[in-house]
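Spelled out from the first residue to the last, the chains are:
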Amino acid sequence: MSESALRKHLPWGRAVVIGGSYAGLVTARVLADFFDEVVLLERDPVDERTGSHPGAPQGYHAHAMLAKGGEVLEKLFPGLREELRAAGAPVFDYGEGIDFLLPSGKAPRTRTGVEIQTFTRDELERRLRGRVLALPQVRLMAGTSCTGLVNDGLGGWAG
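The text that follows walks through the structure, step by step, so that each part is easy to find. Bear in mind that the values here come from a model prediction, so they are computed numbers and not experimental data.

### Here's the deal with the nonpolar core
Then, in step 1: Membership of the largest hydrophobic core comes to 22 residues, with the highest contact counts inside it found for Val-38, Phe-77, Leu-80, Leu-84 and Leu-128.
Then, in step 2: In this structure, Phe-77 is in contact with Val-26, Arg-29, Leu-128, Arg-131 and Val-132, ignoring residues within four places of it in sequence.

This is the structure in structure tokens:
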């Protein structure tokens, strides 16, 4: 279905996103363009200042954003890459800044033209969460567990 067809009957009612980590935050941001209300359910007690949280796997490991991911996130969150850079998240060429171990040994470093930006998941999620929760359509229900879904018989679902 085309975007214009999707937008024909906007705004839609309510969307519910289960999980408020990286994927849930990006999903809530996209849905905010189409729905009156986006309810973000998160089991951990988080707010707009929270980065990674106890339920997030690999919360404090190094993370990287490749060129296409950066392009997509920049479209959804204008200025994000520069904001991360200003906070100390370096941008460098993938082939020059990453070591690869191949079956034949260490790969030579060579320019690829593919930019990568590195940061912690904590840093990225804090910035995304702050931006998503600032959207007037998004409502966070932190400290909330979803244990199942029930069809309401009217074409909708309830948690």
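### Focus: a nonpolar patch on the surface
Then, in step 1: Where nonpolar side chains cluster on the molecular surface, the patch consists of Val-16, Ile-18 and Leu-149 and spans about 290 Å² of accessible area.
Then, in step 2: Tracing the backbone through its elements, the reader meets Ile-18 in strand β1 (residues 12-18).

### As for the pattern of salt bridges
Then, in step 1: All chains considered together, the criterion is met by 18 salt bridges.
Then, in step 2: One salt bridge connects Glu-71 with Lys-68, and the closest N-O pair in it is separated by 3.1 Å. With Glu-71 and Lys-68 both in helix α3 (residues 67-76) and 3 residues apart, the pair spans about one turn of that helix.
Then, in step 3: Linked by salt bridges that have partners in common, Glu-83, Asp-122, Glu-123, Arg-126, Arg-127 and Arg-131 make up one network.

### A look at the side chain of Arg-29
Then, in step 1: Counting through the fold element by element, Arg-29 comes out in helix α2 (residues 22-31).
Then, in step 2: Assessed through its relative accessible area of 14%, Arg-29 is described here as buried.
Then, in step 3: A distance of 3.0 Å separates a polar side-chain atom of Arg-29 from the backbone oxygen of Leu-76.
Then, in step 4: Apart from residues no more than four positions distant in its own chain, Arg-29 is found in contact with Leu-76, Phe-77, Val-132 and Leu-135.

Cut-offs applied
- Residues numbered from 1 in each chain as written.
- Predicted model: local features only at pLDDT ≥ 70, side-chain atom pairs only at ≥ 80, totals over all residues.
- Heavy atoms only, no water.
- Core = buried A, V, L, I, M, F, W, Y, C linked by side-chain atoms within 4.5 Å.
- Buried < 20%, exposed > 50% of the residue type's maximum accessible area, 1.4 Å probe, protein only.
- Contact = heavy atoms within 4.5 Å.
- Patch = residues over 30% accessible without salt bridge, like charges linked within 9 Å, V, L, I, M, F, W, Y side chains within 5 Å.
- Areas by Shrake-Rupley, 256 points an atom, 1.4 Å probe, with all protein chains shown as cover.
- Salt bridge = Lys/Arg side-chain N within 4 Å of Asp/Glu carboxyl O.
- Helix = DSSP H or I, 4+ residues; strand = E, 2+ residues; numbered from the N terminus.
- Polar contact = N/O pair within 3.5 Å; in protein donor to acceptor, adjacent residues only side chain to side chain.

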